[in-house]
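# Per-entry structural report
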Amino acid sequence: MTTPSKTPPGADPKQLERTGTVREIGSQAVWSLSSCKPGFGVDQLRDDNLETYWQSDGSQPHLVNIQFRRKTTVKTLCIYADYKSDESYTPSKISVRVGNNFHNLQEIRYSLQLHHKCYVLCPRGNYWIGMGKGVYSEDESRICTSKDVNSSVTEVGTCGQLELVEPSGWIHVPLTDTHKKPIRTFMIQIAVLANHQNGRDTHMRQIKVYTPVEESSIGKFPRCTTIDFMMYRSIR
């Protein structure tokens, strides 16, 4: 039996922010958890510190609920998990759902594709989450370290849950519809369905939510990619 390859880490979200193509909007939402140990809740999940974490304190599934006050365009979720530190607390299977409220959430589904004899989860959008050889963009450019893959693609099915194998780093979860467009939603729910080594409670160290930055209606301008330029890219 072949041992599953470890989930490769994605790029630091700060690199995405510096491109000027996305913006983090987690502060615009109301966050809630299905359970948490005192002192290990939403504040720790959103404090930009990879040494702190949310720890659940109840039965599975463990839920993170992200609710916006208005319908919001979302493009990518970035989740930080660290198997080396958290071991049996590390999620091994997660589901991402979107909807208007708790009563009509629908699981985001991904097409399962075969790349050069390795499976990858290919969302209907901008990233592939690699299950063996890495994470790639639609134009085959590599997002994180791994060996290059063959350009041939065969779709072999669909799935709605993401399998994680000893992740240590950022996990990029695309949020796109059937037309490869970012999703518009009032609510996102992240469900931890299982942990490594059959652990009961879970740890997540950080979660970030990104929306695409719209192009100017006046015209397209070069992206502000350096810190110095980004300080002056908007009028206050």
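Residues numbered from 1 in each chain as written. Predicted model: local features only at pLDDT ≥ 70, side-chain atom pairs only at ≥ 80, totals over all residues. Heavy atoms only, no water.

We now examine the confidence of the model for the protein chain. For the protein chain, per-residue confidence averages 79 on the pLDDT scale, and 68% of positions sit at 70 or higher. Across residues 112–157 the pLDDT falls below 50, and counting only partners more than four positions away or on other chains, this stretch makes 119 contacts in the model. (pLDDT = per-residue confidence, 0-100. Contact = heavy atoms within 4.5 Å.)

A few words on the pattern of salt bridges. The final tally for this structure, using the stated rule, is seven salt bridges. For E166, the salt bridge goes to K6, with nearest N and O atoms at 3.4 Å. Residue E166 is found in the loop between β13 (161–163) and β14 (168–174), and its partner K6 is found in the segment before α1 (13–18); the two are separated by 160 residues along the sequence. The partner of R205 in a salt bridge is D86, with the nearest N and O atoms 2.7 Å apart. Here D86 lies in helix α3 (residues 83–86) and R205 lies in the loop between β16 (203–204) and β17 (206–212), a separation of 119 residues in the sequence. (Salt bridge = Lys/Arg side-chain N within 4 Å of Asp/Glu carboxyl O. Helix = DSSP H or I, 4+ residues; strand = E, 2+ residues; numbered from the N terminus.)

So, about unusual backbone geometry. Cis geometry is adopted by the peptide bond preceding P61, which originates at Q60 and carries an omega value of 0°. Even without glycine at this site, N198 takes up a positive phi of about 60°. Tracing the backbone through its elements, the reader meets N198 in the loop between β15 (183–195) and β16.

Here we have four strands laid out as an open sheet, ordered β1-β17-β5-β14, and antiparallel in their pairing. Looking at strand neighbours, the two that pair on one side only are β1 (22–24) and β14, the edges of this open sheet. Each strand axis lies, on average, 25° off the axis of its neighbour in the sheet, ignoring direction. Where strand β5 (residues 76–82) meets β17, five bridges bridge the pair, whose relative direction is antiparallel. (Pairing = 2+ DSSP bridges. Axes fitted to C-alpha atoms, helices over the stretch in contact; angles between N-to-C directions.)

Right, let's get into the nonpolar core. A general trend in soluble globular proteins is that nonpolar side chains are found buried together. Within the largest apolar cluster, 29 residues are counted, with the highest numbers of intra-cluster contacts made by V64, I66, L77, I188, M204, I207 and V209. Contributing elements (two or more residues each) for this core: β2 (29–33), β4 (62–74), β5, β6 (91–99), β14, β15 and β17. Ignoring any residue separated from it by four or fewer positions in sequence, one finds L77 in contact with I66, V96, I171, H172, V173, L175, I188, I190, I207, K208 and V209. In this structure, L16, V22, W170 and Y210 belong to the second largest nonpolar core, which totals six residues. (Core = buried A, V, L, I, M, F, W, Y, C linked by side-chain atoms within 4.5 Å. Buried < 20%, exposed > 50% of the residue type's maximum accessible area, 1.4 Å probe, protein only.)

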